[in-house]
Amino acid sequence: MGSSESTLHALADVQPLDQSSILKVLDDFNQKRKLSENSGFDISKIILCEALEDAGFRAGEIEMLSSIYVLFDVQGKESVPYNLLLSGISPLTSTSTQEILSFALKMFDAEDKGVVTHDDLNAVLRSINEITSFFGDSCLLSEEIDEICNDIFSDDKESIAVDKIPSDVLNHHLAIKFISGNGEQKYNLT
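Summary of the structure given here. Please read these numbers as outputs of a predicted model, since none were measured by experiment.

With respect to the overall build of the protein chain
Scanning the protein chain for helices and strands turns up ten helices and four strands. Going from N to C terminus, the protein chain has its helices and strands arranged as α-α-β-α-α-β-α-α-β-α-α-β-α-α. Taken over 190 residues, the protein chain has a buried fraction of 48%. For the protein chain, long-range pairs separated by at least 24 residues make up 73% of all intrachain contacts whose partners lie at least 6 apart in sequence. As displayed, the protein chain has an accessible area near 9,400 Å², and 49% of this comes from carbon and sulfur atoms.

Let's talk about the pattern of salt bridges
For the coordinates displayed, the defined rule picks out six salt bridges. The residue Arg-58 makes a salt bridge to Glu-61 at a minimum N-O spacing of 2.9 Å. Measuring nitrogen to oxygen at the nearest pair gives 3.2 Å for the salt bridge that ties Asp-168 to Lys-164.

A few points about the nonpolar core
Phe-57, Ile-68 and Leu-86 are the most contacted members of the largest nonpolar core, which has 27 residues in total. Every element with two or more residues in this core is listed here: α2 (19–35), α3 (45–54), α4 (59–72), α5 (82–88) and α6 (97–108). Among the elements that take part in this core, α4 stands out by supplying five residues, more than any other. When residues no more than four places from it in sequence are discounted, the contact partners of Phe-57 are Leu-17, Asp-18, Ser-21, Ile-22, Val-25, Leu-52, Ile-62 and Leu-65. In this structure, Ala-104, Val-116, Ile-128 and Leu-140 belong to the second largest nonpolar core, which totals 26 residues.

So, the side chain of Ser-90
Relative to the assigned elements, Ser-90 resides in the loop between α5 and α6. A distance of 3.4 Å separates the side chain of Ser-90 from the backbone oxygen of Ile-100, its partner in a polar contact.

Examining the packing of α4 against helix α7 (residues 118–134)
Look at α4 against α7: their axes get within 11 Å of each other, and the N-to-C directions meet at 120°. For the element pair α4 / α7, the angle class is oblique. Handedness of the crossing formed by α4 with α7: right-handed. Note on element contacts: α7 touches α4 through Ser-127, Glu-130, Ile-131 and Phe-134, opposite Ser-67, Ile-68, Leu-71 and Phe-72. Taken together, the residues of the contact of α4 with α7 sort by class into five nonpolar, two polar and one charged.

Considering helix α8 (residues 142–152)
Think of an α-helix as 3.6 residues a turn; residues three or four steps apart then line up on the same face. Looking only at α8, the buried set comprises Ser-142, Glu-144, Ile-145, Ile-148, Cys-149 and Ile-152. At its buried positions, α8 is contacted by α7, β4 (159–161), α9 (165–170) and α10 (173–179).

Things to note about the layout of surface pockets
As a volume, the second largest pocket reaches approximately 170 Å³. Residue lining of the second largest pocket: 13 residues in total, with Phe-108, Asp-109, Lys-113, Val-115 and Asp-120 positioned closest to the centre. Where the lining of the second largest pocket is concerned, the elements lending two or more residues are α6, β3 (115–117) and α7. With three residues, β3 is the largest single contributor of residues to the lining of the second largest pocket. Of the residues belonging to the lining of the second largest pocket, the class tally is seven nonpolar, two polar and four charged.

Here we look at the packing of α2 against α6
Axis separation between α2 and α6 bottoms out at 11 Å; the angle between their running directions is 15°. Viewed along their axes, α2 and α6 adopt a mutual orientation that is roughly parallel. As for the relative orientation of α2 and α6, their crossing is right-handed in sense. Of α6, the residues touching α2 (which contributes Gln-19, Ile-22, Leu-23 and Leu-26) are Glu-99, Phe-103, Lys-106 and Met-107. For the contact of α2 with α6, the per-class residue count stands at five nonpolar, one polar and two charged.

What counts, and at which threshold
Residues numbered from 1 in each chain as written. Predicted model: local features only at pLDDT ≥ 70, side-chain atom pairs only at ≥ 80, totals over all residues. Heavy atoms only, no water. Helix = DSSP H or I, 4+ residues; strand = E, 2+ residues; numbered from the N terminus. Buried < 20%, exposed > 50% of the residue type's maximum accessible area, 1.4 Å probe, protein only. Contact = heavy atoms within 4.5 Å. Areas by Shrake-Rupley, 256 points an atom, 1.4 Å probe, with all protein chains shown as cover. Salt bridge = Lys/Arg side-chain N within 4 Å of Asp/Glu carboxyl O. Core = buried A, V, L, I, M, F, W, Y, C linked by side-chain atoms within 4.5 Å. Polar contact = N/O pair within 3.5 Å; in protein donor to acceptor, adjacent residues only side chain to side chain. Axes fitted to C-alpha atoms, helices over the stretch in contact; angles between N-to-C directions. Parallel < 35°, antiparallel > 145°, perpendicular 65-115°, else oblique. Left-handed = near helix turned anticlockwise from the far one by under 90°. Nonpolar A, V, L, I, M, F, W, Y, C, P; charged D, E, K, R; others polar. 1 Å grid on protein atoms, 1.4 Å probe; cavity = no way out; pocket = protein on both sides within 12 Å on 5 of 7 lines; lining within 4 Å. Points joined across faces, edges and corners; volume = space filled by probe spheres on them.

As structure tokens, then:
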């Protein structure tokens, strides 16, 4: 997401990450989660790097993604929810905002429920915002992300189908502001 002049957009245009390889990583994490006693989505940086290598990512891509891992490990626990991390890196897979958001939602919906809750959408948008900020591009304020989510879920729905969310979000005036590169914030500390 972000404007065509953004650093993130330029990177995705020149060297996009392969979505099928990221899907392999997601499948690997889901299999490990099913086999372990831990039913959570958390992974360590070491497990991330191993999965990326097994999926065929190049050394430079693994290094970049392990740096992004640190961004998501805000408490320094060396444990990050993989669905949040993988949804966050979706802007590196494409320059199409529709594709980015659809892929981010697919990554977040690791259990393939096909629906998104208010909190899910908020987490996905925040992760995309964090990645945008990481690359120094304009991003949204925390309150603006909350406003988008509140507006999308304004009719008290518990959840919305994953395939309906992208168009609803992309038509929101604050998302348009973000996509056009007019976000008021250059980095995000939320």
